[in-house]
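Structural features, examined
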Amino acid sequence: MNLEKDLIRIGVHELIELIGMKDVKIDQETCIGCGACESICPEVFVLNAQAESTVVEEYRTEDEDEGEVPDDIDCVEDAEDGCPVDAISVS
Ligand code: SF4
């Protein structure tokens, strides 16, 4: 077995399965559109045209207010902690 060649053959989805994922949910009714999450963790959060926080398309599951994010993106918890109205849940 050649580990280097095997790793190159692994697709993005298989790699994500190996890394593990965490769920992110935004309560857009509670969100006040301050933009803190987008500033703290732009890899995951972006404001929409209504100034509501959303999950970026790359990690979105169905609706714009929820998604799955690789475990190694630590800024998600920082954004959860930094939200002034506790509109972000990470599990
Ligand atoms: S930090 Fe909280 S209130 Fe501010 S935009 Fe993000 S989800 Fe909305």
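What counts and what doesn't
Throughout this description, residue numbers start from 1 for each chain and increase along the sequence as written. Given that this is a predicted model, residues contribute local features only at a pLDDT of at least 70 and side-chain atom pairs are listed and counted only at 80 or more, while totals for whole chains, interfaces and linings are drawn from all residues. As a rule, any residue with its backbone-derived C-beta atom within 6 Å of a molecule or strand is reported as near that molecule or strand. Under this grouping Gly is polar, as are all residues other than the nonpolar Ala, Val, Leu, Ile, Met, Phe, Trp, Tyr, Cys and Pro and the charged Asp, Glu, Lys and Arg. The helix and strand labels rest on DSSP assignments: H or I over at least four residues marks a helix, E over at least two residues marks a strand, and numbering proceeds from the N terminus. Contacts here follow a simple rule: the backbone-placed C-beta atoms of the two residues must lie within 7 Å. Two strands make a pair as long as DSSP finds a minimum of two bridges between them. Interaxial angle, 0 to 180 degrees, is taken between N-to-C directions of lines fitted to C-alpha atoms, where a helix line uses only the stretch in contact. Residues with at least 20 neighbouring C-beta atoms inside 10 Å of their own are called buried, those with 12 or fewer are called exposed, and the rest are partly exposed, where every C-beta is derived from the backbone.

The next point concerns the site of the ligand. Close contacts around the ligand come from 14 residues, with Cys31, Cys34, Cys37, Ser53 and Cys83 the closest. The class makeup of the residues in the shell around the ligand is eleven nonpolar, three polar and no charged.

On to the environment of Cys41, then. Position of Cys41 among the secondary structure elements: in the loop between α3 (36-40) and β2 (45-47). For Cys41, the contacting residues outside a window of four places in its chain are Cys75, Val76, Asp78 and Ala79.

Once that is clear, we can look at the sheet that holds strand β1 (residues 21-26). As a general point, the strands of a sheet are linked pairwise by backbone hydrogen bonds and lie either parallel or antiparallel. Read from one edge to the other, the open sheet built from three strands follows the order β4-β1-β5, with strand pairing classed as antiparallel. Single-partner strands in this sheet number two, and they are β4 (66-70) and β5 (88-90). When the angles between neighbouring strand axes are averaged without regard to direction, this sheet yields 25°. Alignment of β1 against β5, held across three bridges, turns out to be antiparallel. Paired with Val24 across the two strands is Val90, which belongs to β5.

Positive phi, normally seen in glycine, also occurs at Ala51, with a value near 60°. Tracing the sequence through the fold places Ala51 in the loop between β2 and β3 (53-55). When the 11 C-beta atoms within 10 Å are taken as the criterion, Ala51 is described as exposed.

Successive residues of a regular strand alternate their side chains across the two faces of the sheet. Taking every second residue as pointing to the same face, the buried face of β4 carries Gly67 and Val69, while none of Glu66, Glu68 and Pro70 on the other face is buried. Here β1 runs beside β4; their pairing, made up of five bridges, is antiparallel. Looking across to β4, one finds that Lys25 is bridged to Glu66.

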